[in-house]
Amino acid sequence: MSNQIYSILFPNEALNIFWNMRHASLPAVNNFNSRGSNMKKLVFFLFLAGCASINQNPKVQTAAGGHDKKPPVAENAAPAFVNREYYFGDESVIGMVRYHKVRENESLIEIARMYNLGFNGISDANRGADPFVPPTGLIVQVPTEWILPDVKAREGIVINISEMRLYFFPRRNSNYVYTFPIGIGDDGKETPVGNFRVIQKKARPYWVVPKSIKQEDPNLPNVVPPGPDNPLGTHALRLSMPSVLIHGTNKPWGIGRKVSHGCIHLYPEDIPWLFDNVKTGTQVKIIRQPVKAGVRANRVYLEVHDNGDMNYLREALAILARKKLLERVDSSKVQQAVTERSGIPTVVSN
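Scope of this entry: the structure provided in the associated data block. (Residues numbered from 1 in each chain as written. Predicted model: local features only at pLDDT ≥ 70, side-chain atom pairs only at ≥ 80, totals over all residues. Heavy atoms only, no water.)

**Concerning the pattern of salt bridges**
Rule in force here: Whenever Lys or Arg places a side-chain nitrogen within 4 Å of a carboxyl oxygen from Asp or Glu, that contact is recorded as a salt bridge. Secondary structure elements follow DSSP: runs of H or I of four or more residues count as helices, runs of E of two or more count as strands, with numbering from the N terminus. Burial status follows relative accessibility: with a 1.4 Å probe on protein chains alone, a residue under 20% of its type maximum counts as buried, one over 50% as exposed, and anything between as partly exposed.
Across all of its chains, the model carries eleven salt bridges by this definition. In this structure, Glu 269 and Arg 113 form a salt bridge, with 2.7 Å as the shortest nitrogen-oxygen distance. In this pair, Glu 269 sits in the loop between β16 (264–265) and α8 (271–277) while Arg 113 sits in helix α5 (residues 108–114), placing the two residues 156 residues apart along the sequence. For the pair Glu 269 and Arg 113, one class covers both residues: buried. Here Arg 127 ties to Asp 124 by a salt bridge, and the two come within 3.6 Å at their closest N and O atoms. The exposure class assigned to Arg 127 is partly exposed, which follows from its relative accessible area of 44%. Members of the salt-bridge network, linked through shared partners, are Asp 150, Arg 322 and Lys 323.

**What to know about empty space enclosed by the protein**
How we decide: The method works on a 1 Å grid over the protein atoms by themselves. A cavity is a set of points holding a 1.4 Å probe that cannot get out, a pocket is an open set with protein on both sides within 12 Å along at least five of seven lines, and residues with an atom within 4 Å of a point line them. Grid points are joined across faces, edges and corners, and a volume is the space filled by probe spheres set on the points. Note on residue categories: nonpolar means Ala, Val, Leu, Ile, Met, Phe, Trp, Tyr, Cys or Pro, charged means Asp, Glu, Lys or Arg, and polar means any other residue, Gly included.
With the rule as written, the count across this model stands at four cavities of 30 Å³ or more. Its volume calculated, the largest cavity comes out at about 140 Å³. Along its surface, the largest cavity is lined by 15 residues, and Gly 121, Trp 146, Glu 163, Arg 165 and His 305 are the ones closest to its centre. Breaking the lining of the largest cavity down by element, the ones donating at least two residues are α6 (119–125) and β5 (145–147). In terms of residue count, the dominant contributor to the lining of the largest cavity is α6 (three residues). Looking at side-chain class alone, the lining of the largest cavity contains five nonpolar, six polar and four charged residues.

**Digging into the sheet that holds strand β19 (residues 299–304)**
Our working definition: Only strands joined by at least two bridges in the DSSP assignment are considered to pair. Whether two residues are in contact is decided by their heavy atoms: any pair within 4.5 Å suffices. Note on geometry: axes are lines fitted to C-alpha atoms, helical ones only across the stretch in contact, with angles between N-to-C directions running from 0 to 180 degrees.
Reading across from one edge, β18-β19-β20 is the order of the three strands in this open sheet, with antiparallel pairing throughout. With one partner strand each, in any of the chains shown, β18 (291–296) and β20 (346–347) form the two edges of the open sheet. Sheet topology note: the β19/β20 ladder contains two bridges and is antiparallel. Its bridge partner lying in β20, Leu 302 is registered against Thr 346. Most of the contacts of helix α9 (residues 312–322) go to β18, to which it runs at about 40°, and overall it touches β18 and β19. Where helix α10 (residues 331–340) meets the sheet, its contacts fall on β19 and β20, and the angle it forms with β19 comes to roughly 25°.

**A word on the pairing of strand β10 (residues 194–203)**
As judged from the four bridges shared by β10 and strand β17 (residues 283–287), these two strands associate in the antiparallel manner. Across the sheet, the residue bridging to Arg 197 is Gln 283, located in β17. Here β10 pairs with strand β13 (residues 235–239) via five bridges, running antiparallel. Residue pairing in the sheet places Lys 201 in a bridge with Leu 237 of β13.

Purely geometric stuff here, so don't read any function into it on its own.
Here it is in structure tokens:
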């Protein structure tokens, strides 16, 4: 969406009211919200296009300070909106579920970004609620609780495609982790699973349009320079599979959705910090784990994400058995967890 079109739709608001919603004051956000539910749905779909329809090249202002603001350097200087969670010993459940009372004209998409969640997380946790126009006063679950991915070593970057979430362990077997929502490859253009490493870091990247995307839209330029039209956002990390990058986006409403040609997208406010704290050579493990099991305070938890057509119960029982937790769970609670598939860790202890 161009600045001109934006001005027609919202003649009295600056562009940063929409894109910097996380950092805007409540009156400013409500001023945008007051435009009504139909307009919000229109704007959402216009901005959702992602890499798959990059020819629209919307002119938007980068969130969280854009290119000019230097991201924090020290690892401990993570912004408040970054989810940094602690775990102890073999325990693998982190964070806690919160609750949010919907304000007038507030959408679940806006609430998700406020808590650094993706669209999938907030919508799966609140099935039945209209994500665009939920009732004012509705109490929604904010799923800021997770079971850590099941990997041999908690180090580097671990990306679980099934939950559309990235975990960054700054040091091997440290007792804390940073976690971010992501956008992933669309159907037929899936983000690959496997073991990779970061081979290049680039601030203000140029986007060299791949031939495959040029074939989809010959009107695209060969190269898109840094700036608000660039779908890579402000920073990019290239993996050892060169066609796959972890990068920002100029379409943040695609976070928590399948929107890319295989790359991993982060919110504009998340990518600068991750870029600054991830070193070249960092290991990146991309996995697909729709069912996770873990323990905290002697209680067994199960976290299940909708991953299409599969036998979730059989998968859950196999994981519980492998972790020697099967005798500690209530089968009816397990069945309920795999039926609901809320994406929230659920206590299944007997």
